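Chain by chain, the residues run as shown.
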Amino acid sequence: MTGLFSILHMGGGALAAQQMALQVTGQNIANANTPGYSRQRVSMAAAIPNQINGHLIGAGVKVASVDRIVDRFLNEQLAVESGKLTFLNSRREGFDRLEAVFADSEEYGLSGTLSAFWNAWHELSNDPGSDVTRTQLLSAGEDLSVTFNRMHADLDRIASDMDRSLVRSVDEVNELARRIADLNSKISWAESAGANANDYRDARDSLVKELSTLMNISTFESDNGMLAVVVGNGNMLVNGDLYSRVSTVPEGSGFHDLAIEDGAGGARVITDSVTSGRIGALIKLRDSDIRKYRDHLDAIAASLIETVNLIHNQGYSIKPDIDGNYVTGIDFFTGTGAGTIAVNPDVVSDNRLIAAAADQDMVPGDNRNALALAALQHEPFTIGGQPSVRFSDFYASVLSELGSEVRQATSAAAHGSSVV
């Protein structure tokens, strides 16, 4: 009877083991299209044999474990490359917005309005006393100023959008960190009790991958199954079932730095160490890319203001002062850069203050100052630290640099997608 019961027990154990295998197979099929799900496999082993009459007699089969089919190294690489891809895609989208700001044509954009401004000085030189040509010059100057102002404001708005997106992303980081810490606790509890935590581990891997699309992270797992998550250069975000909150702090120029709790009641700035993911792209676009092109724009405007005003100050208007002398020493532009450039309000209110003459004894027929101003179109200057360059050539080099970076960003994103 003992033998019969042993055989029946062995058969029952085998059926139970195979039933579990079928359940796991059904689970795999049911979750074939579930994002983040890892296929599972039942590992079976021979049961501990029974000793009968001095002999070890097999006791059938048992389920040794239910394992996830996972390549941990590949998962880690996928998280890293996913973060890089998100960085590249976000930066490409940012460059698309930059390209729209600098979209240029003869009728629209900085090149067109700059050419119209020089042409207006040429027209004034043909008839320096004409009210019509003076009005046309004022209109061209105001169009040029407004174009500078608009482009500068557009760049500021894009930078502000990046900063607001950075602030909003912090909530996502904190929520993901909280959920990873919670899953750490569940995994450790389940596995310490001898159960498998495959579904919890799948969920944690998915959260880690999602977090990696926001910022550059590295992970390592302890013996108790808990995962530590480090941000940037050694900043602990998740440690076991605890996590450090990420926040944003004003950095003095209207934007925000990224900070993380330092464990002593304060916060440590980590902006410079976040170089991947969407947040890394937002920081680079805001603090580097947009700033560079805004500086280029400011350099052109500042040089234009300085050179035009220098010559205009030396010329004579057709408006006499109280002593009968023609007014001189008037600035044509006000402001210091692309965001503040404007035609002098005094000149706008009275176009007679436009200084087209080089000698007050020859007013109103003298056009030499207008010719000198028109000639600035073809003269080289130092603009943005670059010597001996014309206004049009410097701006063309800015457009060429932007176009090259747009192409590189697009190509890099396509390559990153292939890698993932």
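This report concerns the structure included in the present document.

So, about the overall build of the chain. Across its full length, the chain carries 9 helices and 17 strands. In terms of principal-axis extent, the alpha carbons of the chain reach across some 135 × 45 × 30 Å. Taken over 420 residues, the chain has a buried fraction of 42%. Taking the intrachain contacts of the chain between residues at least 6 apart in sequence as the baseline, contacts between residues at least 24 apart amount to 62%. Accessible surface for the chain amounts to roughly 21,100 Å². Of this, 52% is attributable to carbon and sulfur atoms. When the 33 positive and 53 negative side-chain charges of the chain are each reduced to one mean point, those points stand 11 Å apart.

With that settled, the discussion passes to the pairing of strand β12 (residues 316-320). Every other side chain in a regular strand lies on the same face of the sheet, so the side chains alternate between the two faces. In the sheet, β12 pairs with strand β13 (residues 326-328) via 2 bridges, with the strands oriented antiparallel. Across the sheet, residue Tyr316 finds its bridge partner in β13, namely Thr328. A loop of 5 residues connects β12 with β13, the two strands running antiparallel in sequence, and Gly324 in this loop sits at a positive phi of about 90°.

What follows concerns the packing of helix α3 (residues 110-126) against helix α4 (residues 131-192). Put simply, α3 and α4 touch, their axes get as near as 9 Å, and they point 160° apart. Classed by the angle they form, the pair α3 and α4 counts as roughly antiparallel. Crossing handedness for the pair α3 and α4: left-handed. Residues Leu110, Thr113, Leu114, Ala116, Phe117, Ala120, Trp121, Glu123 and Leu124 of α3 pack against Thr133, Arg134, Gln136, Leu137, Ala140, Gly141, Asp143, Leu144, Thr147, Phe148 and Met151 of α4.

Under the counting rule described, the total for this entry stands at 10 aromatic pairs. With a centroid separation of 5.4 Å and an interplanar angle of 40°, the aromatic rings of Phe381 and Phe391 are classed as tilted. Taken as a pair, Phe381 in strand β16 (residues 381-383) and Phe391 in helix α9 (residues 391-419) lie far apart in primary sequence, 10 residues in all. Accessibility expressed as a relative area gives 1% for Phe391, which makes it buried. Taken together, Phe117, Trp118, Trp121, Phe332, Phe333, Phe381 and Phe391 form an aromatic cluster joined through their ring pairs.

In spatial order, the strands read β9-β10-β11; together these 3 strands make up an open sheet with antiparallel pairing. In this open sheet, the two edge strands, each paired with only one partner strand, are β9 (246-250) and β11 (267-269). Geometrically, the sheet is characterised by an average inter-axis angle of 45° between neighbouring strands, direction not taken into account. Across the face of the sheet, α4 comes into contact with β9 and β10 (256-261) while running at roughly 155° to β9.

With that settled, the discussion passes to the environment of Gly36. Position of Gly36 among the secondary structure elements: in the loop between α1 (2-30) and β1 (40-46). Dropping the residues within four chain positions of it, Gly36 is found in contact with Asp202 and Ser206.

Okay, the sheet that holds strand β5 (residues 217-221) next. Reading across the sheet, the 4 strands line up as β5-β6-β7-β8 and stay open at both edges, with antiparallel pairing between neighbours. The open sheet has two edge strands with one neighbour each: β5 and β8 (242-243). In terms of strand pairing, strand β7 (residues 235-239) meets β8 through 2 bridges, oriented antiparallel. Residue pairing in the sheet places Val238 in a bridge with Tyr243 of β8. In the packing of helix α5 (residues 198-212) onto the sheet, contacts are made with β5, β6 (227-231) and β7, and the angle to β5 comes to roughly 155°.

It is worth spelling out the side chain of Ser90 at this point. The residue Ser90 is located in helix α2 (residues 72-101) in this model. Not counting residues within four places of it along the chain, the set of residues in contact with Ser90 comprises Arg278, Ala281 and Leu285.

Before going further, it helps to spend a moment on the nonpolar core. Judged by nonpolar contacts, the single largest core of 85 residues is most densely connected at Phe102, Trp121, Phe148, Leu237, Leu304, Phe332 and Phe333. Per element, the largest residue contribution to this core is 18 residues, and it comes from α4. If near-sequence neighbours (up to four positions away) are discounted, Phe102 is found in contact with Met151, Leu155, Tyr293, Leu297, Tyr395, Val398, Leu399 and Leu402.

Two numbers describe a pair of packed helices, the interaxial angle and the distance between the axes. Between α3 and helix α6 (residues 277-314), whose axes approach to 14 Å, the crossing angle comes to 5°. With respect to each other, α3 and α6 are oriented roughly parallel. Judged by residue contacts, Leu110, Leu114, Phe117, Trp118 and Trp121 of α3 engage Leu297, Leu304, Val308 and His312 from α6.

Turning our eyes to something else, we now look at the pairing of β7. Bridge count for β6 against β7 is 3 bridges, and the pairing is antiparallel. Following the sheet pairing, Val230 is matched in β7 by Met236. Here β6 hands over to β7 after 3 residues, with Gly232 in that stretch at a positive phi of 60°. Linking β7 to β8, which pair antiparallel, is a turn of 2 residues; within it Gly240 sits at a positive phi near 65°.

About the thresholds
Residues numbered from 1 in each chain as written. Predicted model: local features only at pLDDT ≥ 70, side-chain atom pairs only at ≥ 80, totals over all residues. Heavy atoms only, no water. Helix = DSSP H or I, 4+ residues; strand = E, 2+ residues; numbered from the N terminus. Buried < 20%, exposed > 50% of the residue type's maximum accessible area, 1.4 Å probe, protein only. Contact = heavy atoms within 4.5 Å. Areas by Shrake-Rupley, 256 points an atom, 1.4 Å probe, with all protein chains shown as cover. Lys, Arg positive; Asp, Glu negative; His and termini not counted. Charge placed at Lys NZ, Arg CZ, Asp CG, Glu CD. Pairing = 2+ DSSP bridges. Axes fitted to C-alpha atoms, helices over the stretch in contact; angles between N-to-C directions. Parallel < 35°, antiparallel > 145°, perpendicular 65-115°, else oblique. Left-handed = near helix turned anticlockwise from the far one by under 90°. Phe/Tyr/Trp six-rings, centres within 6.5 Å; stacked < 30°, edge-to-face > 60°. Core = buried A, V, L, I, M, F, W, Y, C linked by side-chain atoms within 4.5 Å.

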